[in-house]
Number of protein chains: 6
Amino acid sequence: MKAINLERLSWKAVAAYLASDSRIILPVGSTEQHGRFAPLGTDTYVATAVAEGAAQTTGVLVAPPLWFGWSPHHLVKPGTISIRAEILVEVLSDAIGSLAEHGFKNFVVVNGHRIVNIPWMQIAAERVQRTLGVKVVLFDPAYMSKEVAGTLGFGPIGHGEEIEISHMCHCHPDLVRLDEAADNPHSETPLYHLDPQDPRDTLCYVPATREGLQQTFEHTGDTITGCPSKATAEKGRAYHDHLVGRLVQVLEMLKGD
Amino acid sequence: MKAINLERLSWKAVAAYLASDSRIILPVGSTEQHGRFAPLGTDTYVATAVAEGAAQTTGVLVAPPLWFGWSPHHLVKPGTISIRAEILVEVLSDAIGSLAEHGFKNFVVVNGHRIVNIPWMQIAAERVQRTLGVKVVLFDPAYMSKEVAGTLGFGPIGHGEEIEISHMCHCHPDLVRLDEAADNPHSETPLYHLDPQDPRDTLCYVPATREGLQQTFEHTGDTITGCPSKATAEKGRAYHDHLVGRLVQVLEMLKGD
Amino acid sequence: MKAINLERLSWKAVAAYLASDSRIILPVGSTEQHGRFAPLGTDTYVATAVAEGAAQTTGVLVAPPLWFGWSPHHLVKPGTISIRAEILVEVLSDAIGSLAEHGFKNFVVVNGHRIVNIPWMQIAAERVQRTLGVKVVLFDPAYMSKEVAGTLGFGPIGHGEEIEISHMCHCHPDLVRLDEAADNPHSETPLYHLDPQDPRDTLCYVPATREGLQQTFEHTGDTITGCPSKATAEKGRAYHDHLVGRLVQVLEMLKGD
Amino acid sequence: MKAINLERLSWKAVAAYLASDSRIILPVGSTEQHGRFAPLGTDTYVATAVAEGAAQTTGVLVAPPLWFGWSPHHLVKPGTISIRAEILVEVLSDAIGSLAEHGFKNFVVVNGHRIVNIPWMQIAAERVQRTLGVKVVLFDPAYMSKEVAGTLGFGPIGHGEEIEISHMCHCHPDLVRLDEAADNPHSETPLYHLDPQDPRDTLCYVPATREGLQQTFEHTGDTITGCPSKATAEKGRAYHDHLVGRLVQVLEMLKGD
Amino acid sequence: MKAINLERLSWKAVAAYLASDSRIILPVGSTEQHGRFAPLGTDTYVATAVAEGAAQTTGVLVAPPLWFGWSPHHLVKPGTISIRAEILVEVLSDAIGSLAEHGFKNFVVVNGHRIVNIPWMQIAAERVQRTLGVKVVLFDPAYMSKEVAGTLGFGPIGHGEEIEISHMCHCHPDLVRLDEAADNPHSETPLYHLDPQDPRDTLCYVPATREGLQQTFEHTGDTITGCPSKATAEKGRAYHDHLVGRLVQVLEMLKGD
Amino acid sequence: MKAINLERLSWKAVAAYLASDSRIILPVGSTEQHGRFAPLGTDTYVATAVAEGAAQTTGVLVAPPLWFGWSPHHLVKPGTISIRAEILVEVLSDAIGSLAEHGFKNFVVVNGHRIVNIPWMQIAAERVQRTLGVKVVLFDPAYMSKEVAGTLGFGPIGHGEEIEISHMCHCHPDLVRLDEAADNPHSETPLYHLDPQDPRDTLCYVPATREGLQQTFEHTGDTITGCPSKATAEKGRAYHDHLVGRLVQVLEMLKGD
């Protein structure tokens, strides 16, 4: 195993790394409800797993994860921790700014929280690129699996659905209780088709309201969307390997920068 | 012609409107370079045109446009005005908050600046939905024309490309100088396919850098991406009518709320 | 007609303009109630009219208007949109900062919202003058008509009074319904004489409260102060011409800077 | 002598005061250069003197002074302390908010720093009136002496001119060295006549630049505007008594609120 | 008496001072309840007294005091004025930043408000040291009297206890009414021993709640902790002289910087 | 092993927990240089170890760690990530605010970064106690080991000294390379004795400057203070057990709240 976790290294080891590499991966997740059958840390676990997978292959360092994302709607269920998006812009800007002072120049933010975390990441990424002259790429599983999701038989992206639950079944099977999962198949909302694979016209994403999630709970007994019962560790492995492969590709592209 | 522009009405007329309707459209654009052949106000013109088109059909009011968006990269060329994303979050929140005090409950933000304006709109929309109990939908031409763009023979979304230029040729032909346009056909960036119609895996959007746009200028003599020479008023009309039709649909959906 | 509106030009036209001129006019108004007989956009209409009048004479460019000002008290009546003063400081700073990057050096902010918008404009103007080395002048009709207001028989400045309504009767007669106007003659408040022509001691301006405007409504049936019934298009034209002439003078003074 | 200074009282004495009175005076000044002959604390000294003069007559309490104002341009000379206007908005809001919690309802802010401090005071005053239901009046010597300034033979308002120096000669003669003062008579700036008594059209106030003040210094050997040599303690006393009388009037008006 | 108060000097005198000295003392206190027997200004009085004592010995300048600190819990009793800690960070940063522009390089902040003011001072001090290259030391009586407090027979630090009341009896005997003081002897809170002399394990300081202070009031008739009845002017003088001596030492240490 | 990590539980498990317990531990550390022989994550590792130790005993839940603290001075060496103190105030406020919505009422923040993280924690703790009615205690190893540090033969608190290195030798021996450690014995700074056990007068803590740490590096070859060569796993275990015992005590005290 390579020493890939920044937090496990001394400054001397990081200095040695910087002599030949300026890339680093920042995993960002959330602590938010993922149904009664999956852990609150799901988004951070999957971001970290993908980041570490690619780091093992490439030797690129991984920063410690940010366990907190923007999850205002998921506060409907206990355990969820949500930080305001405008504060997360500042946290990510400071983290990248700190690392840029040391000579890191190429940053890949691996987002485990999908579309919800992306707005504040975009604002932070633009700022640091402009003011610090670094390169930031935002790597998100939902957008980086368009080519494979259909192949694996996944339905549309929801929350706690077969995609991320398969991923968890592969990475952290001990934390998932599939027997407690009840499906809540995706129902159509006219003109709102957020899955990036969906070819139809759509309004833009706005996080759900707690009232909306509360209604989901009242109708289904849980606060997820999708069919976790279809999750398997096997699909999760294929999905994970695809993502790791893509992240390796991205890191290779950044090598020459 | 119906009286649809909020700024042209008195408070008394608005009070009368609110007695039977709680919907309002907010057009938001930008003032940013769109190549040497198209006006700086392009994004605001198209947002306003779509908004007013649907307002004529439905009688829903249109607020005065916000002429300024988030355009840090387009500052590469003169005339561009960019407001920080974090400030725009507050402007939109205050505008919706003001209108909510009067009894408006259903807001459609029509965005003429495509993917760049969406992050801050998402943050503002979530905030006001949560704190004010209103409904906000984000209507963007790029996402609301996935079903028609291929039909019309448009290439991928760029900047100042045949899509928005066709739209301008339909709405404001006097402001476009197609004879001055030079095409800059979309070139592939590995793993970066932002067009929402593109079925391939992609990294997430981060605004370009000025350095990047400066390079485009040095290679092509302008700062656009795409093929404006393929723009026609006819395609623009079809595109516009599709968008107006979709916006009418959205407004109908909000009627009962 | 000269091409004076920034939003109608391409970046190339702006580049050509900057080769010989570094001046620009920024009209700022509001969207706020002006009585049951005048449009919510009154302040923006008059700022734009004065700006464009002087631009036609001098060829100086006019930026797109900011339709939103600081109007917390006018939220008492529907249609009013108020942005916090501290946010408007940032919006104006960013707008001027953007234009300064292109080489604009002399800015005239034309304020249609009178005394209410001035505090935040002063804070923004000082900041950009200090940090960007530009010159900003704040042009306000109420302060720039002290020499002519008496001549025209106008009473003291109020809200929706004969001064701005005459101005609107000249610029946008179709948007005013004088037959619906009821006068609310200025009543004296001891030691509070805000009209800059008034020679008496006075406390400083603080925006009214909504409670105060609500009382005005209950006593008079509307939320204005002054005598709109005395408004005429003729007085409005004389007033307008005076302001345009003054703005031309200001722009000439900035020519050599 | 009445016990009028909040800072000298215990909470018990304040509780007793609040049983019959809800008024309080807040003196706000600056620490900024006033020429080589007058102390940096001038603005705070005069604000405090007027406040305490009226407090002695009326028994109204005076809060401790805020010694720091918005003085970015006066940083040109040593000793000046300037706080950003946007921070002073928050300081004044918190101070009034604290006192409002105890039952104070009527606030008179006495400003010794004239036109420069007023913008941020207006923003704070509006905010606390709206959110806390209190009454705030802004009392400024320059605006509250329009009726008497001519009578006393004062020229236009400048900085360190005969008006405030006369005031200091009356209140703190030991801190003024008139023998070191050199006059810098007001020179006309076209269309910029800030003195509230001036009947001519004028642009709005924007604080000077340091470059401008540096030029004044290079031409005159000091950084003031006006004729301090005309200052006398006698005029200062008359001016002071006028202001105190006006402040007493204001406090009486607030008695019944 | 030396001329040691910045506010009493002209800029010319400050310029002369800066020719040979770059040190300045900033006294910061509070306006907060100190029991029914001591004045609201206690913290500012003691900070100023210590600052001026050392200034008389060393000739180092003293800036005007900041009369307002962070006192959220003391709002339980009337007269208290509390500014948010995050705002005070900005005020102190701006004050030091202003003085640094003139050439001041060594700052001693004398804090009369003890542990409550220290967090925001630390944040401001770090910021200006890092960004402006100045030196800031935070001088607090509670930490600077560890060696003498026991000798003088003082009990643990509380609020309005024998330590600061002795200090006031020495500095401002006319403002203390010892006959109205009732003791509230320190009661042990397990694992919470904030007095820096206490050798036991302790949790860190968090300001009390108003509810907690209200309970103190209901049990003891006042809102202090400690034994003011043990205060004497004599102990106060010894304590004061110790602090002044320490501050002189600190200023000497900064002389060579 | 008990299920004590919030991130490993589902919302349903947290809901069950909240039925009988309202306590939660939040470990906060840093990612900052700890010398060439110890890992960047040291502070987070020790905070987490203490938190989890006490959680195992009491069954109280532990939130995911915050890996980033306020470390501006440690940016002198690569790998350090520092977030501004004012941003960390908001992060902690939001995290506690989120958990408070679910019914958590008693929060213990376990700080592994010692005195540097405490100021912003104090500001956040006060805010949430006041606005949310919760109880927050700040648990810091340096203050919670005053009774045991001497017994174990530890010298004064520094950075990367025998105290935290012993702790790491106990918790994560694989991450420490004692053979690479060089001692930098504490040298006296007059009137600056931050160790809470030190009985002498002291100025208050302000984070070091990078220049200061750079000098340390140039003199000693590393950027620590203290004697890591004296570290042993055995002392580390005793120290750890003391801290865990104290945290258990604190949690017991909060049980009845």
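Residues numbered from 1 in each chain as written. Chains lettered and ligands numbered in written order. Predicted model: local features only at pLDDT ≥ 70, side-chain atom pairs only at ≥ 80, totals over all residues. Heavy atoms only, no water.

(A) Structural view of the packing of aromatic side chains. Taken as a whole and judged by the stated rule, the model has 24 aromatic pairs over all chains. Each ring, one from Phe 154 of chain C and one from Tyr 239 of chain C, has its centre 5.8 Å from the other, and the planes form 80°; the classification is edge-to-face. Here the residue Phe 154 of chain C occupies a position in the loop between helix H5 (146-149) and helix H6 (162-171), and Tyr 239 of chain C occupies one in helix H8 (residues 233-255), the gap between them amounting to 85 residues. No difference in accessibility class separates Phe 154 of chain C from Tyr 239 of chain C, as the two residues are buried. Between the aromatic rings of Phe 217 of chain D and Trp 11 of chain E, the centroid separation amounts to 5.8 Å while the plane-to-plane angle is 80°, which identifies the pairing as edge-to-face. Placement of the pair is Phe 217 of chain D in helix H7 (residues 210-220) and Trp 11 of chain E in helix H1 (residues 11-18), with the two residues belonging to separate chains. On the accessibility criterion, Trp 11 of chain E (5% relative accessible area) is buried. (Phe/Tyr/Trp six-rings, centres within 6.5 Å; stacked < 30°, edge-to-face > 60°. Helix = DSSP H or I, 4+ residues; strand = E, 2+ residues; numbered from the N terminus. Buried < 20%, exposed > 50% of the residue type's maximum accessible area, 1.4 Å probe, protein only.)

(B) Up close: the relation of the copies chain F and chain A. Here chain F sits on chain A after a turn of 180° about the axis and a move of 0.0 Å along it, with an RMSD of 0.0 Å. These values place the two chain copies in the arrangement generated by a two-fold rotation axis. In this assembly the copies share their binding face: 100% of the residues contributing to the interface of chain F also contribute to that of chain A. (Least-squares fit on C-alpha atoms with pLDDT ≥ 70 in both. Contact = heavy atoms within 4.5 Å.)

(C) Representation of the relation of the copies chain E and chain D in the model. Once chain E is rotated about the relating axis by 180° and shifted along it by 0.0 Å, it coincides with chain D to within an RMSD of 0.0 Å. Interface overlap between copies: 100% of the residues of chain E at the interface are likewise at the interface in chain D, consistent with a symmetric, same-surface contact.

(D) Here's a closer look at the interface of chain F and chain A. Taken together, the contact pairs 51 residues of chain F with 51 residues of chain A. When chain F packs against chain A, the two sides together hide about 4,300 Å² of surface, and 62% of this comes from carbon and sulfur. Run the count over chain F and chain A and you get ten salt bridges. Here chain F is connected to chain A by 24 residue pairs in polar contact (both at pLDDT 80 or more). Breaking the side of chain F that touches chain A down by element, the ones donating at least two residues are helix H1 (11-18), helix H3 (85-102) and helix H7 (210-220) of chain F. The element contributing the most residues to the side of chain F that touches chain A is H3 of chain F, with nine residues. Along the lines of polarity and charge, the residues of the side of chain F that touches chain A split into 26 nonpolar, twelve polar and 13 charged. (Buried area = accessible area lost by both parts, 1.4 Å probe. Salt bridge = Lys/Arg side-chain N within 4 Å of Asp/Glu carboxyl O. Polar contact = N/O pair within 3.5 Å; in protein donor to acceptor, adjacent residues only side chain to side chain. Nonpolar A, V, L, I, M, F, W, Y, C, P; charged D, E, K, R; others polar.)

(E) View of the sheet that holds strand S2 (residues 61-62) of chain F. Residue and element names in this part refer to chain F. Reading across from one edge, S2-S1-S3-S4 is the order of the four strands in this open sheet, with parallel pairing throughout. What marks the edges here is a single partner per strand, and that holds for S2 and strand S4 (135-139). Looking at chain direction, strand S3 (residues 106-111) and S4 are connected through five bridges and run parallel. Note on S4: the bridge partner recorded for Val 110 is Phe 139. (Pairing = 2+ DSSP bridges.)

(F) Structural context of the arrangement of the chains. The closest approach of any C-alpha atom in chain B to one in chain D is 14 Å; the two make no contact. One finds no contact between chain B and chain E; the C-alpha atoms of the two approach each other to within 19 Å at their closest.

(G) Inspection of the interface of chain E and chain D at higher detail. In this complex, chain E contributes 51 residues to the contact, which on the side of chain D involves 51 residues. With both sides pooled, the region where chain E packs onto chain D buries about 4,300 Å², and carbon together with sulfur makes up 62% of that total. The three residues of chain E that bury the most area against chain D are Trp 11, Pro 78 and His 102 of chain E, which together make up 17% of that side's buried surface. Where chain E touches chain D, the interface holds ten salt bridges. One salt bridge in this structure joins Arg 8 of chain E and Asp 174 of chain D, with 3.3 Å as the shortest N-O distance. In this structure, the connection of chain E to chain D is made through 24 residue pairs in polar contact (both at pLDDT 80 or more). Broken down by secondary-structure element, the contributors of at least two residues to the side of chain E that touches chain D are H1, helix H3 (85-102) and helix H7 (210-220) of chain E. When its residues are assigned to classes, the side of chain E that touches chain D shows 26 nonpolar, twelve polar and 13 charged.

(H) Structural view of the side chain of Asn 111 of chain F. Residue and element names in this part refer to chain F. With respect to the helices, strands and loops of the structure, Asn 111 is situated in strand S3. A polar atom in the side chain of Asn 111 sits 2.9 Å from the backbone nitrogen of His 113. Among the polar contacts listed, one links the side chain of Asn 111 to the side chain of Asn 117, at a separation of 3.2 Å. Once residues lying within four places of it in the same chain are set aside, the contact partners of Asn 111 are Val 28, Ala 47, Asn 117, Ile 118, Met 121, Phe 139, Asp 140 and Pro 141.

(I) Broad picture of helix H8 (residues 233-255) of chain E. Residue and element names in this part refer to chain E. End to end, H8 covers 32 Å across 23 residues, agreeing with the expected 33 Å (1.5 Å per residue, within 8%). Residues of H8 that are buried: Gly 236, Tyr 239, His 240, His 242, Leu 243, Val 244, Arg 246, Leu 247, Val 248, Val 250, Leu 251 and Leu 254. Residues of H8 that are buried sit in contact with strand S1 (23-28), helix H2 (42-58), strand S3 (106-111), strand S4 (135-139), helix H5 (146-149) and helix H6 (162-171). (Expected span 1.5 Å × (residues − 1).)

(J) Broad picture of the packing of helix H4 (residues 118-132) of chain A against helix H4 (residues 118-132) of chain B. It is at 8 Å that the axes of H4 of chain A and H4 of chain B come closest, and there the two elements cross at 135°. Viewed along their axes, H4 of chain A and H4 of chain B adopt a mutual orientation that is oblique. Every pair of crossing elements has a handedness; the one defined by H4 of chain A and H4 of chain B is left-handed. From H4 of chain A, Pro 119, Trp 120, Gln 122 and Ile 123 of chain A reach across to H4 of chain B, where they touch Pro 119, Trp 120, Gln 122 and Ile 123 of chain B. (Axes fitted to C-alpha atoms, helices over the stretch in contact; angles between N-to-C directions. Parallel < 35°, antiparallel > 145°, perpendicular 65-115°, else oblique. Left-handed = near helix turned anticlockwise from the far one by under 90°.)

(K) Layout of H6 of chain E. All names here are of chain E. A large share of H6 lies buried, amounting to eight of its ten residues. Burial in H6 covers these residues: Glu 162, Ile 163, Glu 164, Ile 165, Ser 166, His 167, Met 168 and Cys 169. If you follow the buried residues of H6, they end up packed against H2 and H8.

(L) Spatial organisation of the sheet that holds S3 of chain E. Residues and elements named next belong to chain E. Taken together, four strands build an open sheet; the order of strands is S2-S1-S3-S4 and the sheet is parallel. The open sheet has two edge strands, strand S2 (61-62) and S4, and neither has a second partner. Bridge analysis of S1 against S2 gives two bridges, and the strand direction is parallel. When the bridges of S2 are listed, Ile 25 appears paired with Val 62. Taken strand by strand, H2 contacts S1, S2, S3 and S4, and its axis lies near 160° from that of S1. Running at roughly 170° to S4, H8 makes contact with S1, S3 and S4 of the sheet.

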